[in-house]
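One-letter residues, chain by chain:
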Amino acid sequence: DGGITQSPKYLFRKEGQNVTLSCEQNLNHDAMYWYRQDPGQGLRLIYYSQIVNDFQKGDIAEGYSVSREKKESFPLTVTSAQKNPTAFYLCASSTGTDNEQFFGPGTRLTVL
Amino acid sequence: GQNIDQPTEMTATEGAIVQINCTYQTSGFNGLFWYQQHAGEAPTFLSYNVLDGLEEKGRFSSFLSRSKGYSYLLLKELQMKDSASYLCAVEAAGNKLTFGGGTRVLVKP
């Protein structure tokens, strides 16, 4: 079955620790995206990548970092510089322009 | 910059019709998406409008007016399972989406 996987579904970390969220897709999509969603709000774009070895900052990139070494994988690191990291993180992928984005199941990160 | 507005919450009765409006002011526009999101789950694609007019897909229809910066999602014959948040998203260059805050629809029996 083709799709996008994110793991784990729930993640707890202590304040001041970096944490990496995984996102893998086997849809052969070129573009991948990371969004953050806070309770009762819409999605905000953190980073996106249109092709392997290239990525751009979204609207709220501060305190986050990404890499895109393989087409299938787009991990997101939430660093200790992110002031309010507790949120629901969604990864998505698409074939490119003018096409729908397919979302993974999300990772709910709680920083204690 | 991008600004996308949609109502925060709407309530409707099972079997009725609900219209969710979305207005946008954006620096670029390739198209407009509507997604459905149940609580705690990932958004799922409902519709994509590029040209002005109405796109119908079963019980769901979506309308776009580019000159007015306006779209709506129409849900007909509401079912309890339609209780969810509905997200309007504008696509700019590079398939980059900007989402509105979402409209939570509550369907009552």
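A short tour of the structure in this document, coming up. Small disclaimer: the values here were computed from a predicted structure and weren't measured.

**Points about the pattern of salt bridges**
So, point 1. Across all of its chains, the model carries 7 salt bridges over all chains by this definition.
So, point 2. In this structure, R44 of chain A engages D38 of chain A in a salt bridge whose closest nitrogen and oxygen atoms are separated by 2.8 Å.
So, point 3. Overall, the relative accessible area of 12% leaves D38 of chain A in the buried class.
So, point 4. For E9 of chain B, the salt bridge identified is with R104 of chain B, shortest N-O distance 2.6 Å. A residue pair is termed long-range when its members are at least 10 positions apart, and E9 of chain B in strand β2 (residues 9-13) and R104 of chain B in strand β11 (residues 103-108) qualify at 95 residues.
So, point 5. When its relative accessible area of 49% is taken as the criterion, R104 of chain B is described as partly exposed.

**Here we look at the interface of chain B and chain A**
Accessible area lost during the coming together of the parts is what is often quoted as the interface size.
So, point 1. Contacts between the two partners involve 19 residues from chain B and, on the opposite side, 25 residues from chain A.
So, point 2. It is N95, K96 and F99 of chain B in chain B that bury the most area against chain A; as a group they hold 31% of the surface buried on that side.
So, point 3. Across the contact surface, chain B and chain A share 1 salt bridge.
So, point 4. Residue K96 of chain B is joined to D59 of chain A by a salt bridge in which the shortest nitrogen-to-oxygen separation is 3.9 Å.
So, point 5. Where chain B packs against chain A, one counts 3 residue pairs in polar contact (both at pLDDT 80 or more).
So, point 6. Mapped onto the side of chain B that touches chain A, the elements with two or more residues apiece are β4 (31-37), β5 (44-49), β9 (84-92) and β10 (96-99) of chain B.
So, point 7. Residue classes in the side of chain B that touches chain A are distributed as 9 nonpolar, 7 polar and 3 charged.

**Re the environment of P8 of chain A**
All names here are of chain A.
So, point 1. For P8, the position within the fold is in the loop between β1 (4-7) and β2 (10-13).
So, point 2. The spacing of P8 and L109 is 101 residues in sequence and 9.3 Å in space, taken between C-alpha atoms.
So, point 3. The contacts of P8, once residues within four sequence positions are left out, are G106 and T107.

**Considering the packing of aromatic side chains**
So, point 1. Enumeration according to the criterion identifies 17 aromatic pairs over all chains in this entry.
So, point 2. For the pair F103 of chain A and Y35 of chain B, a centre-to-centre distance of 5.4 Å together with 90° between the ring planes defines the contact as edge-to-face. Note that F103 of chain A is positioned in strand β10 (residues 102-103) and Y35 of chain B in strand β4, a pairing that runs across two chains. Neither residue differs from the other here; F103 of chain A and Y35 of chain B are each classed as buried.
So, point 3. Judged by centre distance (6.1 Å) and plane angle (55°), the rings of Y70 of chain B and Y72 of chain B are tilted.
So, point 4. Overall, the relative accessible area of 21% leaves Y70 of chain B in the partly exposed class.
So, point 5. Using a relative accessible area of 16% as the deciding quantity, one classes Y72 of chain B as buried.
So, point 6. Linked through ring pairs, Y33, Y35, Y48 and F103 of chain A together with F33, Y35, F45, Y48 and F99 of chain B together constitute an aromatic cluster.
So, point 7. Positioned above the aromatic ring of F74 of chain A is the side chain of R68 of chain A, whose terminal nitrogen or guanidinium carbon lies 6.0 Å from the ring centre.

Cut-offs and rules
Residues numbered from 1 in each chain as written. Chains lettered and ligands numbered in written order. Predicted model: local features only at pLDDT ≥ 70, side-chain atom pairs only at ≥ 80, totals over all residues. Heavy atoms only, no water. Salt bridge = Lys/Arg side-chain N within 4 Å of Asp/Glu carboxyl O. Buried < 20%, exposed > 50% of the residue type's maximum accessible area, 1.4 Å probe, protein only. Helix = DSSP H or I, 4+ residues; strand = E, 2+ residues; numbered from the N terminus. Contact = heavy atoms within 4.5 Å. Buried area = accessible area lost by both parts, 1.4 Å probe. Polar contact = N/O pair within 3.5 Å; in protein donor to acceptor, adjacent residues only side chain to side chain. Nonpolar A, V, L, I, M, F, W, Y, C, P; charged D, E, K, R; others polar. Phe/Tyr/Trp six-rings, centres within 6.5 Å; stacked < 30°, edge-to-face > 60°. Lys NZ or Arg CZ within 6 Å of the ring centre and 35° of its normal.

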